[in-house]
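Remarks on the overall topology
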Amino acid sequence: MLSPDSAAVVRATLPAVGGALDEITARFYGTMFAEQTELLDGLFNRGNQASGGQRRALAGSIAAFAQALLADPEARPDALLSRIAHKHAALGVTEDQYTIVHKYLFRAIAEVLGEAVTPQVAAAWDEVYWLMAGALIAQEARLYQEAQVDPRHPWRQWTVVERREETPDVVSFLLRPADEDPAPPARAGQYVSVRMRMPDGIHQVRQYSLSGAPGDQLRRVTVKRVASLSDAPEGEMSTQLHRTVGAGDELTLSSPFGDVVLDEADSPLLLISAGIGCTPMVGMLEHLAATGATRPVTVLHADRSPADHALLSDIHRLVSSLPAARAEFWYEQNAAAEPGAHSGLMDLKGLNLSADTGVYLCGSLPFMRTVRAQLIQSGVPAHHIRYEVFGPDLWLAHTEA
Ligand SMILES: Cc1cc2nc3c(=O)[nH]c(=O)nc-3n(C[C@H](O)[C@H](O)[C@H](O)COP(=O)(O)OP(=O)(O)OC[C@H]3O[C@@H](n4cnc5c(N)ncnc54)[C@H](O)[C@@H]3O)c2cc1C
Ligand code: HEM
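Sequence order as written defines residue numbering, which begins from 1 separately in each chain. Note on labels: chains are lettered from A, ligands numbered from 1, in written order. Restriction of local features to residues with pLDDT of at least 70 applies here, the model being predicted, together with a cutoff of 80 or more for giving and counting side-chain atom pairs; totals for whole chains, interfaces and linings are based on all residues. As a rule here, side-chain values come from all non-hydrogen atoms in the structure, and water together with hydrogens is ignored.

**Here we look at the coordination of the iron atom of ligand 2**
Note the following rule: Each metal's donors are the N, O and S atoms found within 2.8 Å of it, except that Na, K and Ca use a 3.2 Å limit; water is left out, so coordination can look incomplete. A run of H or I in DSSP counts as a helix once it spans at least four residues, and a run of E counts as a strand once it spans at least two, with each numbered from the N terminus.
One donor from the polypeptide reaches the iron atom of ligand 2: H88 (NE2), at 2.1 Å. With respect to the element layout, H88 can be found in helix 4 (residues 78-89).

Here it is, written out as structure tokens:
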């Protein structure tokens, strides 16, 4: 609980700290990586560092947490913390690393805000940091325990049983544990981290949703190659996976984590995705089919063209195997190639939803923002809409705070 004295100081300094958070977090990562070089080898994602995405997600989460504490000193914004804790658990973040992050974060705050950081101000923000860290450490300890993962050794070797070309830009890898022990439990909608050595010798980690049935001994991930666009380089892990990994190779994976998981209710389901955002939805459909689910399911997907639509044949197979499922597709190009598909961008007008429909969204942030607004306008309660972001979450801090 945030003490009343600290709450007053945090309230008074939130505009100054909040306004400088971008500069603070840039300086924080700069000095931390300069002194703790091992953190960039196999933990932090250097693409997100270069784009500033991770910095903004960290700053947004701290500001959102502080605001929630001011509104209610005992608050624990669950959605915010749970997403971060699952991401941390999929990376093997350990409790002692919170002391390292604290050191560099508070050094950066003092350097950026200078004399404004009196001992009283530092103490109040220290309390916020440790409340947040404490809540995350507790959630992460529970996640590690449930998954029976030792955070100091979170990685396991998997053998690629098959590589399948899905579209010109997307491949799937079918995997089984290299030691042939049982696959760890997974829930529909979860992701794994993949850890790989890059050509310069540095290890990188990225997350990939499970696109196969979570109960299977074989696991599937489906990866879109991120091409170079104007000044931005090609994505390093996706390109490396596409160029170098095939049947018989080994990949290094974490256990499955992720809090956007399929509920086990009987209520109607609406699965909405765009582009490679179809992967967790196909994992959910596989689970529904494998468990003989009878609930009504509507699958809506938008893509560039039918030829770019990854896992389309899986979606057809799964929708026809479920007793009350249907699918509708929108394509920007060549929609005529897919019978019944719409031409253009997804449009939810005319969608008839019952009040208890549970909605799952996955796609780019602009896509999800537009769709979420349309759903809310047509009467879907915000808390029925769950979404997965394929990158640092720059949205959550604004919608859940
Ligand atoms: C929960 C979750 C689930 C996911 N599931 C899937 C999935 O099922 N399938 C899938 O394909 N992906 C998925 N992703 C995305 C995936 O984790 C990777 O982000 C994606 O593969 C790109 O990684 P990369 O290493 O290829 O690109 P990166 O090298 O990380 O680059 C990412 C972007 O940053 C840009 N960038 C990098 N460096 C710079 C620079 N110096 N200057 C400017 N821009 C730069 C790149 O151009 C690129 O656009 C998921 C992500 C999350 C968080
Ligand atoms: C109170 C302290 C911390 C906060 C508030 C915090 C917050 C966050 C947030 C908001 C994200 C992005 C989640 C997402 O949307 O994907 C994240 C990711 C991450 N965090 Fe933390 N974190 C904290 C401590 C730590 C510690 C101690 C470590 C380990 C050194 C760590 C390592 C990482 C890594 C490696 C990522 C993924 C980065 C990426 O993929 O770009 N964090 N954290």
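Still more ground to cover, so stick around.
**A short note on the sheet that holds strand 7 (residues 269-274)**
For clarity, the threshold we go by: A pair of strands is labelled paired if DSSP reports no fewer than 2 bridges between them.
Taking strand neighbours across the sheet as the criterion, the six strands line up as 10-9-8-7-11-12 in an open arrangement whose pairing is parallel. Every other strand in the sheet has two partners, leaving strand 10 (342-343) and strand 12 (385-388) as the edge strands with one partner each.

**Notes on the site of ligand 2**
Heads up, the rule is: The rule for a residue being near a molecule or strand is that one of its heavy atoms must lie within 4 Å of it. Two N or O atoms form a polar contact when they lie within 3.5 Å of each other; inside protein one atom must be a possible hydrogen donor and the other a possible acceptor, and for residues adjacent in sequence the pair counts only when both atoms belong to side chains. Each residue is assigned to one of three groups, with Ala, Val, Leu, Ile, Met, Phe, Trp, Tyr, Cys and Pro labelled nonpolar, Asp, Glu, Lys and Arg labelled charged, and all others, Gly among them, labelled polar.
In the vicinity of ligand 2, 24 residues are found, and the nearest of them are N48, R83, K87, H88 and D393. A distance of 2.8 Å separates an oxygen atom of ligand 2 from a polar atom in the side chain of R83. K87 places a side-chain nitrogen or oxygen 2.5 Å from an oxygen atom of ligand 2. At the level of secondary structure, the elements contributing two or more residues to the shell around ligand 2 comprise helix 3 (53-71), helix 4, helix 5 (97-113) and helix 6 (119-147). Here the shell around ligand 2 is built from residues that sort into 14 nonpolar, seven polar and three charged.

**Observations regarding the pattern of salt bridges**
Defined as follows: A side-chain nitrogen of Lys or Arg and a carboxyl oxygen of Asp or Glu constitute a salt bridge if their distance falls within 4 Å. Throughout, exposure labels follow a simple rule: accessible area from a 1.4 Å probe, protein chains only, divided by the maximum for the residue type, with under 20% read as buried, over 50% as exposed, and the rest as partly exposed.
Going through the model one piece at a time under the given rule, you end up with 23 salt bridges. In this structure, the salt-bridge partner of R142 is E146, at a minimum N-O distance of 3.3 Å. Note that R142 and E146 are positioned in helix 6 at a spacing of four residues, about one turn of the helix. By relative accessible area, which is 54% here, E146 ends up exposed. A salt bridge links R220 to D314, with the nearest nitrogen and oxygen atoms 3.5 Å apart. Here R220, found in strand 5 (residues 219-224), pairs with D314, found in helix 9 (residues 312-321); they are 94 residues apart in sequence, far enough to count as distant. One exposure class covers both R220 and D314, and it is buried. Look at the salt bridges and you will find they share partners, linking R46, D200, R206 and E236 into a network.

**Observations concerning the pairing of strand 3 (residues 191-197)**
Put simply, side chains in a regular strand alternate between the two faces of the sheet. Burial analysis of strand 3 places five of its seven residues in the buried class, which makes it a mostly covered element. Note: strand 3 against strand 4 (residues 203-209), seven bridges, orientation antiparallel. The residue bridging Y191 from the neighbouring strand is S209, located in strand 4. Between strand 3 and the antiparallel strand that follows it, strand 4, lie five residues; G201 among them carries a positive phi value of about 95 degrees. The pairing of strand 3 with strand 6 (residues 250-253) spans two bridges and is antiparallel. Each residue of the ladder has a partner; that of R195, found in strand 6, is T252.

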